[in-house]
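Observations on chain architecture
Below, each chain spelled out in residue letters.
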Amino acid sequence: MISLSILDYSPVDEGSNDRMELQQTAELARAADRLGYHRFWVSEHHYLPPLAGSNPELLMMYLANQTEHIRIGSGGVMLPNYSAYKIAENFRMLEALHPGRIDLGAGRAAGAGRIGKKALNEGRTETVPYEQQLIDLIRYLNDEEPADHRFPGLKATPVIDTQPELWMLGTGRGGAELAAAHGTGLAFAHFINASSVGRAAMQQYQADFRSSTALSAPRGMVGIFVTVADTEEEAEQLTRSWDYWLLMSENKGQRLPFFPSPATTQSHDYSTKDLEVIARNRRRMIVGTADSVREGIEELAADYAVQEVLLLPLMYGFHNRMRAIEQLAAAFGLSQTMQPL
């Protein structure tokens with residue numbers, strides 16, 4: 001049985017605003033909890049309009065307070081922006097107040113443009129290697145006190161008897177190698193890298209996995225953009241907004257202040273090169289009715305040999321996103337298989 005989870009960016013739709021979209025993220029989380037989704041993760045993006053999710057830990061606390069069963073996590077918190085000690089304390093606080101429900105998805109990227117990255121690291125004179133940050137984070141979460149640590153005797157507070165579930169976010173082999181070497185879960189972002197690298201990275205992770213205090217066997221999931229509607233035609237119409245936004249933001253360097261409506265994008269003329277980019281980007285998503293998207297999700301999970309899929313329903317219109325997660329929950333029979341904590 002495939003577990004379904006959700007990653008939400010709090011996208012700001014044309015005609016909406018950041019405050020409204022953050023409240024809608026909370027509404028989506030409450031619905032996901034009621035419908036039987038396994039996890040609800042939020043992202044870290046700094047001044048990357050139209051994405052309102054800049055601080056996953058604070059948003060996670062808000063969401064955890066408003067939900068009952070679903071796991072709440074970061075997808076992810078970006079280690080290079082902070083000290084491992086501060087991240088450990090943030091997530092221990094979340095875990096202390098919501099035991100058994102907190103996920104720490106950790107990433108390598110800055111989650112910001114050049115100027116944002118510079119501002120986040122202003123005043124820092126020392127850069128800790130990424131793998132060392134991960135090692136430090138694991139030590140703080142597990143209350144390990146190696147004699148050779150740079151800060152001997154230091155513990156992360158609050159002191160608790162459980163720990164957040166730790167995941168490495170990956171877009172290539174590097175993340176898979178770290179997850180395997182240090183015994184964490186691996187969430188591969190197919191929605192970023194839809195090449196064959198992902199499948200090979202997941203295989204490598206599963207083969208090379210070393211058990212850890214927190215995890216005795218490999219645990220993988222794969223993330224994918226989804227667009228779901230009542231008909232294939234409606235789904236295709238909704239996806240045009242996403243086609244346009246990806247093209248403009250990733251390939252043309254144009255920061256749009258909002259996520260455009262299908263009506264805004266329908267008159268845009270694409271070059272042959274643009275259409276080739278759009279076709280490549282479609283490999284990063286599954287588009288269609290609930291039944292056809294379910295089939296695509298099942299095929300993706302089988303390709304990656306995982307039992308969990310992380311869905312990104314980044315289609316225009318909150319009502320469309322809500323409708324999508326409701327339809328997929330029904331297609332997979334989630335509420336029928338939901339187990340209490």
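Further up the page is the structure itself.
An account of the accompanying structure is given in this report. (Residues numbered from 1 in each chain as written. Predicted model: local features only at pLDDT ≥ 70, side-chain atom pairs only at ≥ 80, totals over all residues. Heavy atoms only, no water.)

1. Re the overall build of the chain
Here is the rule: Secondary structure follows DSSP: runs of H or I at least 4 residues long count as helices, runs of E at least 2 residues long count as strands, and numbering of each begins at the N terminus. Every radius of gyration here is taken over C-alpha atoms, with the globule rule written as 2.2 Å times N^0.38, N being the number of residues. Relative accessible area decides the class of each residue, using a 1.4 Å probe on protein chains only: under 20% of the type maximum gives buried, over 50% gives exposed, and in between gives partly exposed. A 1.4 Å probe and the Shrake-Rupley method give the accessible areas. Residues count as covered only by the protein chains that appear here. When charges are tallied, Lys and Arg are placed among the positive residues and Asp and Glu among the negative ones, while His and the ends of the chain are skipped. Where a charge lies is defined by one atom per residue type: Lys uses NZ, Arg uses CZ, Asp uses CG and Glu uses CD.
Across its full length, the chain carries 13 helices and nine strands. The C-alpha radius of gyration of the chain comes to 20 Å, within 12% of the 20 Å expected for a compact globule of 341 residues. In terms of principal-axis extent, the alpha carbons of the chain reach across some 65 × 50 × 40 Å. Expressed as a percentage of the 341 residues in the chain, the buried residues total 53%. Only carbon and sulfur atoms are counted for the fraction: they give 50% of the accessible area of the chain, which is about 15,300 Å². Distance between charge centroids for the chain: 5 Å, based on 31 positive and 42 negative side chains.

2. A closer look at the nonpolar core
Condition: Residue types Ala, Val, Leu, Ile, Met, Phe, Trp, Tyr and Cys, when buried and joined through side-chain atoms within 4.5 Å, form a set referred to as a nonpolar core. Any pair of residues with heavy atoms lying within 4.5 Å of one another is described as a contacting pair.
Membership of the largest hydrophobic core comes to 74 residues, with the highest contact counts inside it found for Tyr37 and Phe40. Counting residues per element, this core draws most heavily on helix H12 (residues 318-332), at seven residues. Setting aside anything within four residues of it in sequence, one finds phenylalanine 40 in contact with Ile6, Asp8, Thr25, Leu28, Ala29, Ala32, Leu63, Ile70, Arg71, Ile72 and Gly73. Membership of the second largest hydrophobic core comes to 24 residues, among which are Trp41, Leu247, Met285 and Leu314.

3. Observations regarding unusual backbone geometry
In this structure, the amide linkage connecting proline 49 to the following residue, proline 50, adopts the cis form with an omega of 10 degrees. If you check the backbone angles, tyrosine 47 has positive phi at about 45 degrees while not being a glycine. You can see tyrosine 47 is positioned in the loop between strand S2 (39-42) and helix H2 (56-66). We note that aspartate 143 has phi near 60 degrees; this positive angle belongs to a residue other than glycine. Assignment of secondary structure puts aspartate 143 in the loop between helix H5 (130-142) and strand S5 (165-170). For aspartate 143, a relative accessible area of 26% translates into the label partly exposed.

4. Digging into the packing of aromatic side chains
Selection criterion: Each pair of aromatic rings taken from Phe, Tyr and Trp, with Trp reduced to its six-membered ring, is defined by centres within 6.5 Å and is described as stacked if the planes are under 30 degrees apart, edge-to-face if over 60, and tilted in the remaining cases.
Tallied over the full model, the rule gives nine aromatic pairs. Pairing phenylalanine 188 with tyrosine 304 gives two aromatic rings, centres 5.9 Å apart and planes at 35 degrees, and the pair type is tilted. One end of the pair, phenylalanine 188, is in strand S6 (residues 185-189); the other, tyrosine 304, is in helix H11 (residues 290-304), with 116 residues separating them in the sequence. Residues phenylalanine 188 and tyrosine 304 agree in their burial class; the two are buried. Chaining the aromatic ring pairs together yields one cluster made of Phe191, Phe225, Trp242, Trp245 and Phe259.

5. Overview of the side chain of histidine 98
Counted only if it meets this: Whenever two N or O atoms come within 3.5 Å, that pair is a polar contact, provided that in protein one can donate a hydrogen and the other can accept it, and provided that, for residues adjacent in sequence, both atoms are side-chain atoms.
For histidine 98, the location among the structural elements is in the loop between helix H3 (84-97) and strand S4 (102-107). Given the relative accessible area of 11%, histidine 98 is considered buried. Side chain to side chain, histidine 98 and asparagine 65 meet in a polar contact 3.0 Å long. If we ignore the near neighbours within four places in the chain, the residues touching histidine 98 are Met61, Ala64 and Asn65.

6. Notes on the environment of glycine 172
Along the chain, glycine 172 turns up in the loop between S5 and helix H6 (173-182). Residue glycine 172 is classed as buried on the basis of its relative accessible area of 16%. Between the C-alpha atom of glycine 172 and that of isoleucine 192, which follows or precedes it by 20 residues, the distance is 9.8 Å. If sequence neighbours within four positions are ignored, glycine 172 has contacts with Phe188, Val197 and Ala201.

7. Considering the packing of H3 against H5
To characterise two packed helices, one gives the angle between the axes of the helices and the distance between these axes. To keep things clear, this is the line we draw: All axes here are fitted lines through C-alpha atoms, helices being fitted over the stretch that makes contact, and every angle between N-to-C directions spans 0 to 180 degrees. Note that the term roughly parallel is reserved for angles under 35 degrees, roughly antiparallel for angles over 145, roughly perpendicular for angles of 65 to 115, and oblique for everything else. Note: crossing handedness is left-handed where the near helix turns anticlockwise from the far helix by less than a right angle, and right-handed where it turns clockwise.
Packing of H3 against H5 leaves a shortest axis separation of 9 Å and a crossing angle of 40 degrees. On the basis of the axis angle, H3 is oblique to H5. The crossing of H3 and H5 is right-handed. Contacts from Ala84, Tyr85, Ile87, Ala88 and Arg92 of H3 reach H5 at Gln133, Asp136, Leu137, Tyr140 and Leu141.

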